[in-house]
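Structure at a glance
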Amino acid sequence: MVKVAIDVMGGDFGPEPILIGTLRALKYKKFEPLLVGDPEQIKQMAPKELLSVSKIVESSDVIGMAEAATDAMKRKDSSIFKAVNLVREGEADAVVSAGHSGASMSLSTVRIGRLDGVARPAIATLMPTHTEKKTLVLDVGANVDCKSEHLFQFAVMGEAYVKDMFGIENPKVGLLANGEEKSKGNEAVKQAHEKLKALDSFAGNVEGNNIFDGSVDVVVCDGFVGNVLLKTGEGVADAIYQYMKTEIKKSPITIFAALIMKKVFKSLKKHIDYAEYGGAPLLGIKGCTIISHGKSNSKAIKNAIFQAVDYVESGVNKHIENSLKQ
């Protein structure tokens, strides 16, 4: 059975939504929860049915969102340090944390270690399209400056991930640039384009709009561009949704139309809701780390745990190592 170390203390709203999300996940998937945090708070807030099937791992420190990620290495009694260390010691298979993303990333990279052949792990996230499929984008924040070989490895990791996690047999991989021509992009992007020609899955350069049109399955970029893209996408999606709500209230006709279109609006909200995805995997480490949003509710935590269990069971890490060797 997959063992998941859950950072109970890391989220913006305290332990309660994380504990409830863990219990909700247990109703649909078999896994062993290792609840890392303050035992008193966990026992006070956790439902009895969760406590009966969980192990509590004590920690007395929490790394705040405003604190430096570099402090994480020194604070060995923090909940995220202890959760990551459980994977390092072989006592857990995966980590789920809605805490400090920089601490989660740096601790996972250093304490758990990188897969053979991986120079830099990358954070991957799913972006919605106007079709039923999603686009995997990486890196979205782990590596601000990247060389062409890093972008090449991101492509290999992303391709393996969508094959194993979503069953896409022949995924298309695009390299994000400021134009479709191979001459576009900075020097790292141009060099990466030449390297990526070795992959049968490489579809060439793509532009920002291609992320949302479903034309490719994986989009590769450096962490600076990827993080700006992610935050911009979240902001635009929320702005459109809020604009629609405001306009609907302006006249009886639009209110009536909204009632007819209720299912469409509900579907749109679900499509852009981060809670539907749960979190972003850190690809390229020897275990599994799912980095969740700080504002994660119980639904997001449930889905993050689902993602962690599926990741471990898929064998994607072995696939990544074998692909890089080739």
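Before any of the text, the structure's been laid out above.
None of these values were measured; they are calculated from a predicted model. The numbers attached to residues start from 1 for each chain and follow its sequence in the written order. Totals for whole chains, interfaces and linings use every residue, but because this is a predicted model, local features are given only for residues with pLDDT of at least 70 and side-chain atom pairs only at 80 or more, for both listing and counting. Hydrogens and waters are ignored; side-chain quantities use all the structure's heavy atoms.

1. Some details on a nonpolar patch on the surface
Put simply, a patch holds well-exposed residues, over 30% relative accessible area, that have no salt bridge, with like charges counted together within 9 Å and Val, Leu, Ile, Met, Phe, Trp or Tyr side chains within 5 Å. Only the protein chains shown count as cover for residues, and the accessible areas themselves come from Shrake-Rupley with a 1.4 Å probe. Counted as salt bridges are all cases of a side-chain nitrogen of Lys or Arg within 4 Å of a carboxyl oxygen of Asp or Glu. On the surface, Val144, Phe224, Val225 and Val228 cluster together into a nonpolar patch covering about 340 Å² of accessible area. By the criteria applied, helices consist of DSSP H or I runs no shorter than four residues and strands consist of E runs no shorter than two, each listed in order from the N terminus. Position of valine 225 relative to the elements: it lies in helix α8 (residues 223-248). Using a 1.4 Å probe on the protein chains alone, a residue whose accessible area is under 20% of its type maximum counts as buried, one over 50% counts as exposed, and one in between counts as partly exposed. With a relative accessible area of 34%, valine 225 lands in the partly exposed category.

2. Brief notes about helix α6 (residues 148-166)
Take the number of residues in a helix, subtract one, and multiply by 1.5 Å to get its expected span. Taking 1.5 Å of rise per residue, the 19 residues of α6 would be expected to cover 27 Å, and the 27 Å separating its terminal C-alpha atoms lies within 8% of that figure. Burial of α6 is extensive: 14 of the 19 residues sit out of reach of the surface.

3. Thoughts on the environment of lysine 184
In this structure, lysine 184 sits in the loop between β7 (173-176) and α7 (187-196). Remark: the alpha-carbon pair of lysine 184 and asparagine 205, spanning 21 residues in sequence, is separated by 8.2 Å.

4. Description of the pattern of salt bridges
If you walk through the whole model with that rule in mind, you get eleven salt bridges. Linking lysine 29 and aspartate 310 is a salt bridge whose minimum nitrogen-to-oxygen distance equals 2.8 Å. Of this pair, lysine 29 sits in the loop between α1 (15-26) and β2 (32-37) while aspartate 310 sits in helix α11 (residues 298-314), and the two are 281 residues apart along the sequence. Assessed through its relative accessible area of 31%, aspartate 310 is described here as partly exposed. When the shortest N-O distance is used, the salt bridge between glutamate 89 and arginine 88 registers 3.8 Å. On the accessibility criterion, glutamate 89 (49% relative accessible area) is partly exposed. Residue arginine 88 is classed as partly exposed on the basis of its relative accessible area of 42%.

5. Notes on the pairing of β7
Judged by which residues are buried, β7 turns out to be covered on both faces: Val173 and Leu175 on one side and Gly174 and Leu176 on the other are all buried. At least two DSSP bridges between two strands are required for those strands to pair. As defined by bridge partners, β7 adjoins strand β8 (residues 202-206) across three bridges and the pair is classed as parallel. Pairing of leucine 176 across the sheet is with valine 206, part of β8. Here is how to tell: hold the view so the strands point away, follow the path from the first strand over the helix to the second, and if it runs clockwise the crossover is right-handed. For the handedness criterion, the β-α-β arrangement of β7, α7 and β8 is classed as right-handed. Bridge count between β7 and strand β9 (residues 218-220): three bridges; the pairing is parallel. Paired with glycine 174 across the strands is valine 219, a residue of β9.

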